[in-house]
Each structure stands twice: as C-alpha cells, then as structure tokens.
Amino acid sequence: VQLQASGGGLVQAGGSLRLSCAASGSFFSINAMGWYRQAPGKQRELVASISSGGSTNYADSVKGRFTISRDNAKNTVYLQMNSLRPEDTAVYYCNAHFPAGWREYEYWGQGTQVTVSS
C-alpha cells in the first residue's frame, strides 16, 4: 500500500491550496483518512480526519477555513485549504487506516510542503 500526496506549494496569506492523497496497492477498503502537519521545531499534529462514512473532525485552528473530503471510488482524500495564514506553513502528511481481517494497518504519505508567505 502506498499513499501519494500532492498539491503543496507556496501561496500568499489569504490564498488557497488543495491537497490530494491517493492510495494505491492491494487493499479491500479504507477506514479513516486524515491530514497531519508538522512545522519546524514542532510536533506533528492532526489537521483533519474523515471516517469511511464521511464524518469529519478538525483541529480548532483550521475550523471554518479547511475542508476535508474523500472520494471512495478513487481511494483519495482531499484537503481544501482557504484563508491560509503564515502559521499554516508546515509539511502536510496524509494518513489512512486499512482493515485486514481483525486488524487495522496505518500508512503515511511522504509529505508535501505548504508555505504561506505574509
């Protein structure tokens, strides 16, 4: 299983970016998917997550600005980021949980850099 993230880049404050993360490989289904971020000198933190049924959860710092969604037919999770702020600058990682029998396996994407200039 692989997770391939894309869509990062450099944007001015107030701008928008859309991140995508596509899962590939051999699996039956995907449970929860999410986005995390890690800024220099800080711990990795949850940005947003979405269950297989579409329930969402957001960090307080991004509520009202970011929207997570998924396309189960494409095995892809998206993060629409609007009204970006310099403090959103970080490497963004996608995450997904894959059921296998009675177990669940967690995978991470490679990370994509988001830089917001003031």
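Residues numbered from 1 in each chain as written. Predicted model: local features only at pLDDT ≥ 70, side-chain atom pairs only at ≥ 80, totals over all residues. Heavy atoms only, no water.

(A) How the structure looks around a nonpolar patch on the surface. A cluster of nonpolar side chains, namely Val1, Tyr105 and Tyr107, defines an oily patch on the protein surface of about 230 Å² accessible area. Mapped onto the fold, Tyr105 is located in strand S10 (residues 103–108). (Patch = residues over 30% accessible without salt bridge, like charges linked within 9 Å, V, L, I, M, F, W, Y side chains within 5 Å. Areas by Shrake-Rupley, 256 points an atom, 1.4 Å probe, with all protein chains shown as cover. Salt bridge = Lys/Arg side-chain N within 4 Å of Asp/Glu carboxyl O. Helix = DSSP H or I, 4+ residues; strand = E, 2+ residues; numbered from the N terminus.)

(B) A look at the sheet that holds strand S1 (residues 2–6). Pairing is antiparallel in the open sheet, where four strands are placed in the order S1-S3-S8-S7. On the outer flanks of this sheet lie S1 and strand S7 (66–71), each paired with one strand and no other. Neighbour to neighbour, the strand axes of the sheet diverge by 15 degrees on average, direction disregarded. As paired elements, S1 and strand S3 (residues 17–24) share five bridges and run antiparallel to each other. Across the sheet, the residue bridging to Ser6 is Ser20, located in S3. (Pairing = 2+ DSSP bridges. Axes fitted to C-alpha atoms, helices over the stretch in contact; angles between N-to-C directions.)

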